[in-house]
Amino acid sequence: MAVLKAVSGQLFLYKKIDKTKYFVINVEKNYIHERKSVILYSYIQKKVLPLFSRRRIMSYQSHEYYLRRAIEVSKEARAAGNTPFGALLVDKEGNILMEQPNIEITEKICTGHAEATLAARASHEYSREFLWDCTLYTTAEPCAMCAGAIYWANIGRVVYGMTERRLLELTGSNEQNPTFDLPCREVFARGQKDIQVVGPVKEVEVEAAKVHEGFWD
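Cut-offs used in this document
- Residues numbered from 1 in each chain as written.
- Predicted model: local features only at pLDDT ≥ 70, side-chain atom pairs only at ≥ 80, totals over all residues.
- Heavy atoms only, no water.
- Helix = DSSP H or I, 4+ residues; strand = E, 2+ residues; numbered from the N terminus.
- Axes fitted to C-alpha atoms, helices over the stretch in contact; angles between N-to-C directions.
- Parallel < 35°, antiparallel > 145°, perpendicular 65-115°, else oblique.
- Contact = heavy atoms within 4.5 Å.
- Nonpolar A, V, L, I, M, F, W, Y, C, P; charged D, E, K, R; others polar.
- Expected span 1.5 Å × (residues − 1).
- Buried < 20%, exposed > 50% of the residue type's maximum accessible area, 1.4 Å probe, protein only.
- Phe/Tyr/Trp six-rings, centres within 6.5 Å; stacked < 30°, edge-to-face > 60°.
- Pairing = 2+ DSSP bridges.

**Student:** Is there a simple way to explain unusual backbone geometry in this structure?
**Tutor:** Note: most peptide bonds trans; most residues except glycine with negative phi. A cis geometry characterises the amide bond from Gly199 onward to Pro200, with omega recorded as 0 degrees. Positioned with a positive phi, Lys108 is a non-glycine residue whose angle comes to about 55 degrees. Structurally, Lys108 is set in the loop between strand 6 (96-101) and helix 3 (114-125).

Pasting the structure below:
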């Protein structure tokens, strides 16, 4: 018997071999993590992937749709004890591949911003060619560090909810987040890649800022 499980936003298939051994397959990527099996690979190709494909969005949604999901991720970050930022990685068909909250405080990682962490994860999981056709959605405009991470990961488009200048108005001189006032467009302009930038998205600016209420006081 095979069982499908969602783990960290990805779908895996588990099939028991005996009392102690399992096949573990990443459904989205079609690879087997443990012990190869022609029979099981055939099973996933014929039975699992067709079901999974019907669960996918298959058509690109609006920027507001993805940013509102990123805002929910930012709420999760705040609830977990981190600063309220969230980001998503979306492929060219409109499928959400990854979600990432800020992890800077709880994980004690100074570079643990949502966008930089997501870019690192994405570069580990996907090719540079694939990522060029993807979009990183984020609640607030990427800082200089995150813009650099996006650049080196080769993610081709960025869409953000509110500007870094608006974020600076919210954070003020808070030591936890001594915010830059440097548009990410300027960072990308100094590089050699034509990374598209969309933002701020007016329809969600207020929603993105609302998650920060009372946090920086």
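Next comes the rest of the account.
**Student:** Hey, could you run me through the packing of helix 2 (residues 63-79) against helix 8 (residues 202-210) in this one?
**Tutor:** To characterise two packed helices, one gives the angle between the axes of the helices and the distance between these axes. It is the contact of helix 2 with helix 8, at a shortest axis distance of 10 Å, that shows an interaxial angle of 5 degrees. Relative to helix 8, the element helix 2 lies roughly parallel. For the pair helix 2 and helix 8, the contacting residues are Glu64, Leu67, Arg68 and Ile71 in the first and Glu203, Val204, Glu207 and Ala208 in the second. Here the contact of helix 2 with helix 8 is built from residues that sort into 4 nonpolar, no polar and 4 charged.

**Student:** Help me understand the side chain of Glu104, please; the structure alone is not making it clear to me.
**Tutor:** Its location among the elements puts Glu104 in the loop between strand 6 and helix 3. Apart from the residues within four sequence positions on either side, Glu104 is in contact with Asn82, Thr83, Ile109, Cys110, Gly112, His113 and Gln176.

**Student:** Honestly, helix 3 in this entry has me stumped. Any pointers?
**Tutor:** With 12 residues, helix 3 ought to run about 16 Å at 1.5 Å a step, and its terminal C-alpha atoms sit 16 Å apart, in line with that. For helix 3, the full list of buried residues reads Ala114, Glu115, Ala116, Thr117, Leu118, Ala119 and Ala122. Where the residues of helix 3 are buried, they touch strand 5 (86-90), strand 6, helix 4 (128-132), strand 7 (135-140) and helix 5 (144-153).

**Student:** Looking at this structure, how should I read the packing of aromatic side chains?
**Tutor:** Aromatic ring pairs: the centre-centre distance and the angle between the two ring planes describe each pair. For the structure on display, the rule yields 6 aromatic pairs. Considering the side-chain rings of Tyr60 and Tyr66, the 5.2 Å spacing of their centres and the 65 degrees angle between planes classify their relative orientation as edge-to-face. Judged by relative accessible area, Tyr60 falls into the partly exposed class, the value being 30%. Relative to Trp216, the ring of Phe215 has its centre 4.7 Å away and its plane inclined at 75 degrees; by these criteria the two rings are edge-to-face.

**Student:** When you look at the pairing of strand 6 in this model, what are you seeing that I'm missing?
**Tutor:** By the bridge criterion, 5 bridges tie strand 5 to strand 6 in an arrangement that is antiparallel. Bridge pairing in strand 6 places Val90 opposite Ile96. Joining the antiparallel neighbours strand 5 and strand 6 is a turn of 5 residues, in which Gly94 adopts a positive phi near 100 degrees.

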